[in-house]
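In case you want the letters, here they are:
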Amino acid sequence: MFNQSDVLETIDMIEKEHLDIRTVTMGISLLPCIRATAKETAQAVYDRVTGRAERLVKTASELSREYGIPIVNKRVSVTPVSLVTAAFPEKSPLVGQALDRAARELGIDFLGGYSALVHKGTADYEEVFIKTIPEVLAATERLCSSVNVGSSKSGINMDAVRQMGEIVLKTAALTAENDGLGCAKLVVFCNAVEDNPFMAGAFHGVGEADTVINVGVSGPGVVQHALKFIPEADLTDAAELIKRTAFKITRAGQLIAKEAAKRLNARFGIVDLSLAPTPARGDSVAHILEELGLEVVGCHGTTAALAMLNDAVKKGGVMASSRVGGLSGAFIPVSEDIGMIESASAGKISIEKLEAMTCVCSVGLDMIAIPGDTPASTISAIIADEAAIGMVNNKTTAVRVIPAPGKKVGDEVSFGGLLGRAPVMPVHTGDAGKFIRRGGLIPAPIHSFKN
Amino acid sequence: MRAVVTVSGSDRRGIIAKVSGFLYAHDVNIEDISQTILGDQFAMIMMVDTSESKEDFSALASGLETLGKEIGMSVRLQHADIFDAMHNI
């Protein structure tokens, strides 16, 4: 039984500290949709997605109403489309457009899974599929794409890394009138997870059940608020408090996930324990780090503070949920976090520091605007560095950079809404072209051979 | 369904009467009430059972929200499970 202060604490978390369920994401397998032609397949995909997720938005709003907790996003992830269109890869855009129409019909903001998994090698049909990504992202509104180029087990597919540098640049060029918005919907992964509920990197893995509900919780504001009450505590006590707070937040997510799965006749997949910021004030991961005693996120000490935060969130969350998965940790997207935006705008955080931070948290270089004239090989090199961090540390890393067309360091890009705004940050101008052109596979690290 | 009604805002006369009147009119049974006043801030928590009510839960929640606006308070109806989940192991 709970007491009066428990009730008031929960209500304060929701009303004043931005506690919410960040996303209820339905994963849907598209494997039963494969037909003889692209046109028939696209129709089958549209029918299946709109059928399975028909009640997703309605059910989420009922749950939000009953439990009194906001559910910010309702989303769908699907089987990597490259597998569905393997027999006619050049016609993959037909399926992409069908998915975009389905998302619009369902009333959801993003649908993820225009994806390919090429971490050990790129099949011919996958290479053709990947080439379609820029035009599809330019022609659709809600579709998200991801490509997995490496894993701890397989190594890093450097041919795919090279190709993705070019694809990111082309995606930016085709969406130039919106500051390269297409790149905000394109993630390059190492160790991609199959049950991630967060966009833009969500897809429904082939090892998953037919229809699954995955839930992402959030609440950086709640953690920051809790820390305000112990300004002089040592870091052992601070970690303990973060853990307890993460526990409460995750329990709310677990409850919603189980209930949503039941009502939508789907499997309960996982709860993703991530602290996901938004550009709103009071909803920032950077501000948690500053609450711990850093003058500004990006200064020395940031990596240690983030490591502690990320670990404490995981420990609290694991205890709170029967099934944990996804990315589970702290997100550090630059454009989606007011503290990050301010630090980057003031030149107080660099890409190099962000890269160090990705060694200890759950994601990678996320939502970072870079100069529009950055060469493809430099983008590939950024991807390779992040993939190496993920591969060696057995963790997911990702790159979602936006080479903003026509913009230089000091300019700003603005996407609005949850995607936020970001100053264009400098990248190293040294040339990695030869290294990238070598291609091949960076072998998996020795410690991955565990069998 | 076990649910929790919370009423918060500046203290004024007739809050309990208005809220309990609404619940009575919609066949919602009040099982427990507690209240605190901190300065001029009033907070009331009611444990209720909505299973006899003919209204569905969303309609009850909307009705209470509207009542809250009329009396200048924040009034919420939430499933009790959310508090159980967050505060009990």
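Above this note sits the structure.
As the structure is a prediction and not an experimental result, all values here were calculated from the model. (Residues numbered from 1 in each chain as written. Chains lettered and ligands numbered in written order. Predicted model: local features only at pLDDT ≥ 70, side-chain atom pairs only at ≥ 80, totals over all residues. Heavy atoms only, no water.)

## A short note on the overall build of chain A
Phase 1 of the analysis: Helix and strand counts for chain A stand at 15 helices and 13 strands.
Phase 2 of the analysis: Relative to its length of 451 residues, chain A is compact, with a C-alpha radius of gyration of 21 Å against a globular reference of 22 Å.
Phase 3 of the analysis: The C-alpha extent of chain A, read off along each of the three principal axes, is 60 × 50 × 50 Å.
Phase 4 of the analysis: Taking all 451 residues of chain A together, the buried fraction comes to 62%.
Phase 5 of the analysis: Of the roughly 16,600 Å² of accessible surface on chain A, 52% is carried by carbon and sulfur atoms. (Helix = DSSP H or I, 4+ residues; strand = E, 2+ residues; numbered from the N terminus. Rg over C-alpha atoms; globule rule 2.2 N^0.38 Å. Buried < 20%, exposed > 50% of the residue type's maximum accessible area, 1.4 Å probe, protein only. Areas by Shrake-Rupley, 256 points an atom, 1.4 Å probe, with all protein chains shown as cover.)

## Here we look at the environment of A:Arg244
Residue and element names in this part refer to chain A.
Phase 1 of the analysis: Inspection of the secondary structure puts Arg244 in helix 9 (residues 235–263).
Phase 2 of the analysis: For Arg244, a relative accessible area of 53% puts it in the exposed group.
Phase 3 of the analysis: Measuring from C-alpha to C-alpha, the distance between Arg244 and Gly317 comes to 8.7 Å, with 73 residues separating the pair along the chain.

## Considerations on the interface of chain B and chain A
Phase 1 of the analysis: Every contact between the two is made by 30 residues of chain B and, on the other side, 24 residues of chain A.
Phase 2 of the analysis: Surface buried jointly by chain B and chain A totals about 2,500 Å² across both partners, of which 63% is contributed by carbon and sulfur atoms.
Phase 3 of the analysis: Linking chain B with chain A are 2 salt bridges.
Phase 4 of the analysis: Note that B:Glu65 is salt-bridged to A:Arg65, the shortest N-O span being 2.9 Å.
Phase 5 of the analysis: Between chain B and chain A we count 12 residue pairs in polar contact (both at pLDDT 80 or more) in total.
Phase 6 of the analysis: Only strand 1 (2–10), strand 2 (29–38), strand 3 (41–49), helix 2 (57–71), strand 4 (74–79) and helix 3 (81–87) of chain B provide two or more residues apiece to the side of chain B that touches chain A.
Phase 7 of the analysis: Ranked by the residues each element gives to the side of chain B that touches chain A, the list is headed by helix 3 of chain B, at 7 residues. (Contact = heavy atoms within 4.5 Å. Buried area = accessible area lost by both parts, 1.4 Å probe. Salt bridge = Lys/Arg side-chain N within 4 Å of Asp/Glu carboxyl O. Polar contact = N/O pair within 3.5 Å; in protein donor to acceptor, adjacent residues only side chain to side chain.)

## Side note on the environment of B:Phe83
Phase 1 of the analysis: When you line up the elements, B:Phe83 lands in helix 3.
Phase 2 of the analysis: In this structure B:Phe83 comes out as buried when scored by relative accessible area, which is 0%.
Phase 3 of the analysis: Taking C-alpha positions, B:Phe83 is 16 Å from B:Ala43, a pair spaced 40 residues apart along the chain.
Phase 4 of the analysis: Excluding its chain neighbours within four sequence positions, the residues that come into contact with B:Phe83 are A:Phe2, A:Asp6, A:Val7, A:Thr10, B:Val4, B:Gln78 and B:Asn88.

## Description of the packing of helix 9 of chain A against helix 11 (residues 302–320) of chain A
Residue and element names in this part refer to chain A.
Phase 1 of the analysis: Axis separation between helix 9 and helix 11 bottoms out at 7 Å; the angle between their running directions is 45°. Classified by the interaxial angle, the pair formed by helix 9 and helix 11 is oblique. Of the two possible hands of crossing, helix 9 and helix 11 adopt the one that is right-handed. For the pair helix 9 and helix 11, contact is made by Leu235, Ala238, Ala239, Ile242, Lys243, Ala246, Phe247, Thr250, Arg251 and Gln254 and by Met308, Leu309, Ala312, Val313, Lys315, Gly316, Gly317, Met319 and Ala320, respectively.
Phase 2 of the analysis: In terms of residue class, the contact of helix 9 with helix 11 is built from 12 nonpolar, 4 polar and 3 charged. (Axes fitted to C-alpha atoms, helices over the stretch in contact; angles between N-to-C directions. Parallel < 35°, antiparallel > 145°, perpendicular 65-115°, else oblique. Left-handed = near helix turned anticlockwise from the far one by under 90°. Nonpolar A, V, L, I, M, F, W, Y, C, P; charged D, E, K, R; others polar.)

## Comments concerning the sheet that holds strand 3 of chain B
Residue and element names in this part refer to chain B.
Phase 1 of the analysis: Strand order in the open sheet made by the 4 strands is 2-3-1-4, with antiparallel pairing throughout. Each edge of the open sheet carries a strand with a single partner, namely strand 2 and strand 4. Adjacent strand axes in the sheet meet at a mean angle of 15° when their direction is disregarded.
Phase 2 of the analysis: As paired strands, strand 1 and strand 4 are joined by 6 bridges and run antiparallel to one another. (Pairing = 2+ DSSP bridges.)

## Notes on unusual backbone geometry
Excluding glycine, a negative phi dihedral is what most residues carry, and trans is how most peptide bonds are arranged.
Residues and elements named next belong to chain A.
Phase 1 of the analysis: Following Met199, the chain continues into Ala200 via a peptide bond in cis, with omega recorded as 10°.
Phase 2 of the analysis: Summarising the element assignment, Ala200 is placed in the loop between strand 6 (186–190) and strand 7 (211–217).
Phase 3 of the analysis: Of note in this structure, Met367 is not a glycine but carries a positive phi near 55°.
Phase 4 of the analysis: Locating Met367 in the fold gives a position in strand 9 (residues 365–371).
Phase 5 of the analysis: Overall, Met367 belongs to the buried group, its relative accessible area being 0%.
Phase 6 of the analysis: Backbone geometry places Asn394, a non-glycine residue, at a positive phi of 50°.
Phase 7 of the analysis: For Asn394, the position within the fold is in the loop between helix 14 (376–393) and strand 10 (397–404).
Phase 8 of the analysis: When its relative accessible area of 43% is taken as the criterion, Asn394 is described as partly exposed.

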